[in-house]
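Here is what each chain is made of, one letter per residue.
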Amino acid sequence: MPEASERVRGILASMTLEEKAAQIVGYWLDQGGEVVAPMADEMATSDRSRSLAAITEHGIGHYTRVFGTRPVEPAARAAWLLEEQRRLVRETRLGIPALVHEECLTGLAAWKAATFPTPLAWGASFDPELVEEMASAIGDSMRELGVHQGLAPVLDVIRDPRWGRVDECIAEDPYVVGTIGTAFVRGLQSAGVHATLKHFLGYSGSVAGRNHAPVHAGPREVADVFVPPFEMAIRDGGAKSVMNSYAEIDGVPVASQPEILTTLLRDGLGFDGVVVADYFAVAFLEVMHAVAADRGEAAQLALEAGIDVELPSGDAYLEPLVARVASGALDERYVDRAVLRVLTQKEELGLLEPDAFDVEVPTEIDVDTPRHRDIARRLATESVVMLSNDGALPLAGSVERIALIGPNAERAEALQGCYSFANHVLAHHPGFENGFEIPTVAEALAAAAPEVEFEVAVGCEVDGDDRSRIDEAVRAAEGADVAVVVVGDQAGLFGRGSVGEGNDVESLDLPGVQRELVERVTATGTPVILVMLTGRPYAVEWAFDGPGMKPAAVLQAFFPGEEGGTAIADILLGRAAPSGRLPVSLPRSAGAQPYSYLRPVLGGPSDVTSTDPTPVRPFGFGLGYASFAYSGLVVDGEVASGGAFTASVTVENTSGVDGVEVVQLYGRDVVGSVTRPVAQLLGYARVAVAAGASRRVTFEVPTQRLAFSDRRMVRIVEPGDVEVWVGSHAEAAHAGADADAATGGVIRNERAARARNLPGMATPRARLSITGAVHEVSAQDARVVSVRVE
């Protein structure tokens, strides 16, 4: 049984079985016909014929999305919630209030609340400190409204950009996911709101990038790619809650696997909080996985595996579970185990205190304050990635007429991710505005450059094959000094968009006829600045290489939030410099997926296959207005396995403008007992360097950053030689890694050479020797690289 206070154990001892069951389920107050969760229509169980008092006769564990299901005034709803909590305390036999949870992936998913950049933009910023600041602000808003738990962050490592939920993810590198995700956890929980890690485990490894598809990841990929971010967020961030994955791994649904949800999560990673079910995941054991004959058997499988709370409602954990216990099929101690965890969480949140609700709700609650907007603008600015620039950016002061073209130039929805309130909920409520300021790219540019004349032409929609307005866009470009073409995605759910949950794709071409629009406008000869507002990376090699005219510059913005339009305008006009880096490789084609920079030799280009997985722009890539040079790399020559080594490099700003460089430290095992990546990010740092100045950056790297699962599936640091270098992206020092490392040049080919011609720089490789015996990594070992900048 879990550890619990005397108070909590006393409550448990006094509970009936029905009261226990009520504490381990949620109730979705406003669930209706609006689909904001998978199969929500089919699974809807809210009983409108019964009063809330009758529904909560035995108490309730969670209230599901009190603010996040329909547009409600924040202060008024908070006042209602406070009175409802008081009623639960006053009228239910045990007097236990509800824990209230909400989505908060891009900010609190509530009407009028600030919308921040999507997690893929967090990864592009490479700035954990700013993400932590954002999460703290989100948590403050949630706590003010009476919300206790946030269903974020998503720690799934990107494996295939065809997956619709890529915009919810942080990066394709587990360490970047882990450090930035842990920062989010710390920020949210610093405000007194419990974070929920999603989705444990392996969810993003689905076949062909399809949502809810089987996962065929091997145990080493699970242990070395999918587990580390969760381990960091639990051990270093103290995460209080975890949500299960919908996935089945090698034929066994995660929701029914005690080996994952108990043995690995609790015994292996040290998690001691509450595991909540992804919405309807318990029932899905019956209706989608067919490993349970009915809801009662599904409840037993999930509860025994380690799911403590069924969300969003009690399809399985109420009557079916009670009947299962009463029949003797399920030992009641599993119910008690879950109830103890839930009550302990409520105690930690202060919900069991006698004066917990002796508060007053203000008549007005601002959930989009100047603090929110300042953070949103800074994070949006840091997340924009410049993929190419022939000198057209920043726009010169001589520009007098700009054509603003494209389906996303004038749409606020195009700035927001799938889990924003606008795209998640307001799509069902067309009569409601966002409830906060969110200037589009067109509006932000016009406000920032009032002296410039603008002509706006949509050209085409995000999706569909309507070409009727392309000619109008061409004419606008012909009469302009510069054309800014804003293309990309519309985030949505289950077919209501081009990206987002349930919006998986077979092609990685820009949706609809947007490529044709860009090429037609570019063919006019007017310089084109291509701005992509997307939730996934697209295959846009045509914008950089090949025949025909090319855009003069390309910016990538991953749903940058309410201040995204302003951030893009600032970068276009030179008021801010782009400093984002790709958190995921920019693919050459859909057919080459899945791909990761974190690959063995055989995962790269080769003369023995006609397919080319080489990305058009690699992980970590990004240009700026300043230029930099690296020199003087010094790496410890020897380190004991289980110890730490230092690597120092000088970063010089060789330009006449101030800038920020994202310094990336990479490593490579020369020989391993299992195949090892040709390049692995060991550490990173955002470093501001003034024009003409230089700074010395020192990384202190625990050798555990090079740990992997050996042939016994034990995580180890292996003695041997390691090559270490600093690069501006994952391919910057790639020459030699494929062709010269134990391959005799077999892998060298013109495709690989083309990849090596990318802009970028790297230091010569330094060699480090890890000495001593094999070190088996323990829970106490350090996982995070420390950085010193002088």
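All of these numbers come straight from a predicted model, not from anything done at the bench.

Asks: Lay out the packing of aromatic side chains with the relevant residues and their values.
Replies: Evaluated as defined, the whole model comprises 14 aromatic pairs. Seen from their ring centres, Trp 111 and Phe 432 are 5.3 Å apart, and the 85° between their planes marks the pair as edge-to-face. Residue Trp 111 is located in the loop between β3 (99–102) and α6 (119–125), and its partner Phe 432 is located in the loop between α16 (421–424) and α17 (441–448); the two are separated by 321 residues in the primary sequence. Judged by relative accessible area, Trp 111 falls into the buried class, the value being 12%. Between the aromatic rings of Tyr 597 and Tyr 666, the centroid separation amounts to 6.3 Å while the plane-to-plane angle is 85°, which identifies the pairing as edge-to-face.

Asks: Can you explain the packing of helix α12 (residues 295–305) against helix α14 (residues 332–348)? Please cite residues and give values.
Replies: Each pair of packed helices can be summarised by the angle the axes make with each other and by the distance between the axes. The N-to-C vectors of α12 and α14 enclose an angle of 60°; their axes lie 9 Å apart at closest approach. Regarding the angle of α12 to α14, the classification is oblique. Crossing of α12 against α14: the hand is left-handed. Of the residues in α14, those touching α12 at Leu 303, Glu 304 and Ala 305 are Tyr 334, Val 335, Arg 337 and Ala 338. Classifying every residue of the contact of α12 with α14 gives five nonpolar, no polar and two charged.

Asks: Break down the side chain of Arg 617 for me, citing the residues and quoting the values.
Replies: Note that Arg 617 resides in the loop between α20 (564–573) and β16 (628–635). An unpaired buried charge is present at Arg 617: no salt bridge exists, and Asp 545, the closest side chain of opposite charge, is 5.1 Å distant.

Asks: Explain the sheet that holds strand β21 (residues 694–702) to me, using residue names and the numbers behind them.
Replies: Remark on secondary structure: sheet strands pair via backbone hydrogen bonds, oriented parallel or antiparallel. Reading across the sheet, the four strands line up as β16-β18-β21-β27 and stay open at both edges, with antiparallel pairing between neighbours. At either margin of the open sheet sits one strand with a lone partner, and together these are β16 and β27 (786–789). Each strand of the sheet is rotated relative to its neighbour by a mean of 20°, with strand direction disregarded.

Asks: Tell me about the sheet that holds strand β23 (residues 715–717), residues and numbers included.
Replies: Spatially, three strands are ordered β22-β23-β26 in an open sheet, and the strand pairing comes out antiparallel. Looking at strand neighbours, the two that pair on one side only are β22 (708–709) and β26 (775–776), the edges of this open sheet. Both β22 and β23 contribute to a ladder of two bridges, which runs antiparallel. Bridged to Ser 709 within β23 is Arg 715.

Asks: Can you break down the pairing of strand β25 (residues 766–771) residue by residue, with the values?
Replies: Walk down a regular strand and you will see the side chains alternate between the two sheet faces. Here β25 shows one buried face, formed by Ala 766, Leu 768 and Ile 770, and one open face, formed by Arg 767, Ser 769 and Thr 771. With three bridges connecting them, strand β17 (residues 638–640) and β25 associate as parallel partners. Bridge pairing links Glu 638 to Ser 769 in β25. Of the strand pairs in this sheet, strand β24 (residues 720–727) and β25 are connected by five bridges, and their pairing is antiparallel. Its bridge partner being in β25, Val 722 is matched across the sheet by Leu 768.

Asks: Please give an account of the environment of Ala 409 that cites residues and values.
Replies: Mapped onto the secondary structure, Ala 409 falls in the loop between β11 (401–405) and α16. Between the C-alpha atom of Ala 409 and that of Gly 488, which follows or precedes it by 79 residues, the distance is 9.9 Å. Those residues within four positions of Ala 409 in sequence are excluded, and the remaining contacts are Thr 440, Val 441, Ala 442 and Val 486.

Asks: Explain the environment of Ser 327 residue by residue, including any values.
Replies: Inspection of the secondary structure assignment puts Ser 327 in the loop between α13 (319–326) and α14. Here Ser 327 falls in the exposed class, since its relative accessible area comes to 54%. There is a polar contact of 2.9 Å between the side chain of Ser 327 and the backbone oxygen of Arg 324. Only 3.3 Å separates the side chain of Ser 327 from the backbone nitrogen of Ala 329, close enough to count as a polar contact.

Asks: A description of the pattern of salt bridges should follow, citing residues and the corresponding values.
Replies: Overall, the coordinates contain 51 salt bridges when judged by the stated rule. The closest approach of N and O atoms between Arg 377 and Asp 570, which form a salt bridge, is 2.7 Å. With Arg 377 in helix α15 (residues 370–383) and Asp 570 in helix α20, the pair connects residues that are 193 residues apart, well separated along the chain. With a relative accessible area of 8%, Asp 570 lands in the buried category. Linking Glu 453 and Arg 401 is a salt bridge whose minimum nitrogen-to-oxygen distance equals 2.3 Å. Remark: Arg 401 occurs in strand β11 and Glu 453 occurs in strand β12 (residues 453–457); sequence separation between them is 52 residues. Looking at Arg 401, the relative accessible area reads 22%, which means it is partly exposed. The network of salt bridges with common partners includes Arg 668, Asp 721, Glu 723, Arg 765 and Arg 767.

Asks: Describe the confidence of the model for the chain, naming the residues involved and giving the relevant values.
Replies: Here the chain averages 93 in pLDDT, and 95% of its residues register 70 or above. Note that pLDDT drops below 50 for residues 735–751; the model gives that stretch 36 contacts with residues more than four away or on any other chain.

Asks: Kindly report on the nonpolar core, identifying the contributing residues and their values.
Replies: Tyr 63, Phe 184, Tyr 317, Ile 405 and Val 485 are the most contacted members of the largest nonpolar core, which has 211 residues in total. In this structure Tyr 63 touches Tyr 27, Leu 29, Leu 52, Thr 56, Leu 81, Glu 84, Arg 87, Leu 88, Ala 98, Leu 99, Val 100 and His 101, once residues within four positions along its chain are discounted. Ile 438, Ala 444, Ala 569 and Tyr 625 belong to the second-largest nonpolar core, a separate cluster that totals 34 residues.

Asks: Requested: an account of the state of the cysteines, with residues and values cited.
Replies: Taken as a whole, this structure holds zero disulfides when the rule is applied. Its sulfur unpaired, Cys 169 is 11 Å from the next cysteine sulfur, which belongs to Cys 418.

Analysis parameters
Residues numbered from 1 in each chain as written. Predicted model: local features only at pLDDT ≥ 70, side-chain atom pairs only at ≥ 80, totals over all residues. Heavy atoms only, no water. Phe/Tyr/Trp six-rings, centres within 6.5 Å; stacked < 30°, edge-to-face > 60°. Helix = DSSP H or I, 4+ residues; strand = E, 2+ residues; numbered from the N terminus. Buried < 20%, exposed > 50% of the residue type's maximum accessible area, 1.4 Å probe, protein only. Axes fitted to C-alpha atoms, helices over the stretch in contact; angles between N-to-C directions. Parallel < 35°, antiparallel > 145°, perpendicular 65-115°, else oblique. Left-handed = near helix turned anticlockwise from the far one by under 90°. Contact = heavy atoms within 4.5 Å. Nonpolar A, V, L, I, M, F, W, Y, C, P; charged D, E, K, R; others polar. Lys, Arg positive; Asp, Glu negative; His and termini not counted. Salt bridge = Lys/Arg side-chain N within 4 Å of Asp/Glu carboxyl O. Pairing = 2+ DSSP bridges. Polar contact = N/O pair within 3.5 Å; in protein donor to acceptor, adjacent residues only side chain to side chain. pLDDT = per-residue confidence, 0-100. Core = buried A, V, L, I, M, F, W, Y, C linked by side-chain atoms within 4.5 Å. Disulfide = S-S within 2.5 Å.

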